[in-house]
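Architecture at a glance
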Amino acid sequence: MHPTLSLAQARRIALAAQGLDKMRPAGPVTARAVGRTFDRLHLVQIDSVNVLARSHYLPFFSRLGSYDREILHRMAGNHPRRMMEYWAHEASFIRPEHFFDLVQWQKRGWVGASAMDPDLFSSVASAVLAALADGEPMTAAELTARLGHQEAGPRDNWGWNWNAIKRVLEHLFEAGLVSSASRTVSFERRYTLTGRVLPDGVAAAGGPSGEVMSTGTGDRDPSAAMDRLIDAAAQAHGIGTVRCFADYFRVPVRAAALSVRRLVAAGRLGPVTVTGWDKPLYRHAAAKLPRAATGRALLSPFDSLVFERRRLEALFGFHYRIEIYTPEPRRRYGYYVLPFLLRDGIVARIDLKADRAGRRLLARAAFAEPGAPPDTAVELAAELRLMAGWLDLDDIVVTPAGDLAPALARAVASRHQL
């Protein structure tokens, strides 16, 4: 017989695994605390939308409160790097030790130059690699200028209408040969050879003399690579299904299922039954079950707690989708809607925007979930004050849209000073 847990216990395991079960630590947030949080999550998703804050900044605020975003820039841009960019759940900052394992299992050829004429690809790739080997990190635009590239013929308007240089760069990025040394103010990647980004110990594991191999994988066993990824995903989730674990790094479900069997046999995962969650479930051997969940957080639409929507609904009874790409008349809750976690439940959702010119945090709509506790508006107002301070905004403006908005406006007004 498998151990049986209640749904409330499963929620607390999931929250503890994500570092969301407790109130944030008091006092200034150190670089060590940010690093520990990233190590726990294993990845944070990157997205270009900046209506509130870049998506990779928000998970650290959710778990730590107000912190210096320069810490992340140093972690991603200074040697030895604690985080680097690669494909994972989507475009993400990952722990460097996952890089070679992910290169083996990530297949995103559609992002780059797979449809390009082979001769053109070969000549452009050779020129790009030579230029990067010869100089400092460069953006796609800087490389285009350096190589004197002029696009022949009309653009096809595919994707972001990339030119051949950008398409080849993304192909080489997916292959693991080039990486991002840092980002510009406008969030463009500065590309460099991957060997210059990897910490020494990780680079040494990649191949002879520490070089990144042409395949980007070195001599690694694919099954062992998958086991490491699924083990990390299960640690980050605490509890979940095969699909939950596969979705974390976006690896094939069938291969993930075989990995789960191996990890069960090795004692890293254990089958469990959760009342009300009608799927085969597994708990990681290191997962903790706190007595209570006391945390509070606004969650990015790209937060790892909300990655897998079926898991989110099974655990919290919270149906969620991102409506950024939904035409405005068809949006139900708003453009950039953040779930609000209070203790062990997701109790509300709020559409937020940072009006940087006016130095205001705009709550454009706020909705309570069924059964939301009486202190939801007060706790959400406190969270908005904390976020406004972190974003260096002076005021909070609540638009009267959504059933929670009137109570939220009163709670914000009762302590209007930030």
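Residues numbered from 1 in each chain as written. Predicted model: local features only at pLDDT ≥ 70, side-chain atom pairs only at ≥ 80, totals over all residues. Heavy atoms only, no water.

Now for the environment of D355. Along the chain, D355 turns up in strand β12 (residues 345-355). With near-sequence residues (within four places) excluded, D355 lies in contact with R360, L362 and L393. From its side chain, D355 meets the backbone nitrogen of G358 in a polar contact 3.1 Å long. (Helix = DSSP H or I, 4+ residues; strand = E, 2+ residues; numbered from the N terminus. Contact = heavy atoms within 4.5 Å. Polar contact = N/O pair within 3.5 Å; in protein donor to acceptor, adjacent residues only side chain to side chain.)

The mixed open sheet is built from 4 strands, whose spatial order is β1-β8-β9-β7. Edge positions in the sheet fall to β1 (4-5) and β7 (239-240), since each has one partner strand and no second. Note that strand β8 (residues 269-274) and strand β9 (residues 277-284) share 5 bridges and pair antiparallel. Within β9, the position partnered with V272 by the bridge is L281. Across the sheet, helix α10 (residues 222-237) lies against β7, β8 and β9, angled at about 105° from β9, the strand it touches most. (Pairing = 2+ DSSP bridges. Axes fitted to C-alpha atoms, helices over the stretch in contact; angles between N-to-C directions.)

Of all 11 residues making up β12, 10 are buried, and the element is well covered by its neighbours. In this structure, strand β11 (residues 337-342) lies alongside β12, joined through 6 bridges in antiparallel fashion. Residue pairing in the sheet places V337 in a bridge with D351 of β12. Following β11, the chain reverses through 2 residues before pairing antiparallel with β12; R343 in that reversal takes a positive phi of roughly 60°. Examined bridge by bridge, β12 and strand β13 (residues 360-368) share 8 bridges and lie antiparallel to one another. Opposite K353, over in β13, you have L362 as the bridge partner. Linking two consecutive strands that pair antiparallel, namely β12 and β13, is a turn of 4 residues; a positive phi of about 55° is found at R359 within it. (Buried < 20%, exposed > 50% of the residue type's maximum accessible area, 1.4 Å probe, protein only.)

Time to look at unusual backbone geometry. A cis geometry characterises the amide bond from H79 onward to P80, with omega recorded as -5°. Phi angles above zero are rare outside glycine, and H42 is one such case at about 75°. Looking at the secondary structure, you find H42 in the loop between α2 (31-41) and β2 (43-45). Positioned with a positive phi, R250 is a non-glycine residue whose angle comes to about 55°. Along the chain, the position of R250 falls in the loop between α11 (242-249) and α12 (253-265). Judged by relative accessible area, R250 falls into the partly exposed class, the value being 32%.

Here we come to the domain arrangement of the protein. The domain boundaries assigned to the protein delineate domain 1 (101-147 + 162-196) and domain 2 (321-417). Spacing between the C-alpha centres of domain 1 and domain 2 amounts to 39 Å. (Domains from an automatic or database assignment.)

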